Amino acid sequence: MKTRGIQNAINRLGGARRLGSPSLMAQAEREASHILTQARAWLARTPAPPEGEVDQRYTPVALAVVQLEQALSQAQSQPPLSV
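This report concerns the structure included in the present document. (Residues numbered from 1 in each chain as written. Predicted model: local features only at pLDDT ≥ 70, side-chain atom pairs only at ≥ 80, totals over all residues. Heavy atoms only, no water.)

The subject of this paragraph is the nonpolar core. Ranked by internal contacts, the top residues of the largest apolar core, which has 21 residues, are Ile6, Leu13, Ala32, Leu43, Val61, Val65 and Leu68. Where this core is concerned, the elements lending two or more residues are α1 (4–19), α2 (22–45) and α3 (58–77). Beyond its immediate chain neighbours, meaning those up to four positions away, Val65 contacts Ile6, Leu36, Ala39 and Leu43. (Core = buried A, V, L, I, M, F, W, Y, C linked by side-chain atoms within 4.5 Å. Buried < 20%, exposed > 50% of the residue type's maximum accessible area, 1.4 Å probe, protein only. Helix = DSSP H or I, 4+ residues; strand = E, 2+ residues; numbered from the N terminus. Contact = heavy atoms within 4.5 Å.)

Here we take up the packing of α1 against α3. Two elements in contact, α1 and α3, have axes whose closest approach is 9 Å; the angle formed by their N-to-C orientations is 20°. As summarised for this structure, α1 and α3 are arranged roughly parallel, according to the angle between their axes. For the crossing formed where α1 meets α3, the hand is left-handed. Judged by residue contacts, Ile6, Gln7, Ala9, Ile10 and Leu13 of α1 engage Val61, Ala64, Val65, Gln67, Leu68, Ala71, Leu72 and Ala75 from α3. Here the residues of the contact of α1 with α3 sort into 11 nonpolar, 2 polar and no charged. (Axes fitted to C-alpha atoms, helices over the stretch in contact; angles between N-to-C directions. Parallel < 35°, antiparallel > 145°, perpendicular 65-115°, else oblique. Left-handed = near helix turned anticlockwise from the far one by under 90°. Nonpolar A, V, L, I, M, F, W, Y, C, P; charged D, E, K, R; others polar.)

Between its first and last C-alpha atoms α2 spans 35 Å; for 24 residues at 1.5 Å apiece the expected length is 34 Å, and the two agree. Burial in α2 covers these residues: Met25, Ala28, Glu29, Ala32, Ile35, Leu36, Ala39, Trp42 and Leu43. Buried residues in α2 make contact with α1 and α3. (Expected span 1.5 Å × (residues − 1).)

These figures come from the coordinates and say nothing about function on their own.
Rendered as structure tokens:
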């Protein structure tokens, strides 16, 4: 798995929030939840690197998942910005 899709979901959440559209926010949240589910499934079936080591595949995805979780929880807890 690559981090591009995860990063795109984070960007869509931020863009929808800035636009202040409830329908765009709902769509971005649905897409982000789907990507998050897919990424978690990938992490579950991919062996993690040994403790203290950085892997070229696993580590970037794991970090991006944490960022997406934060962006999604922030988007769900705050109302859209008014412009």
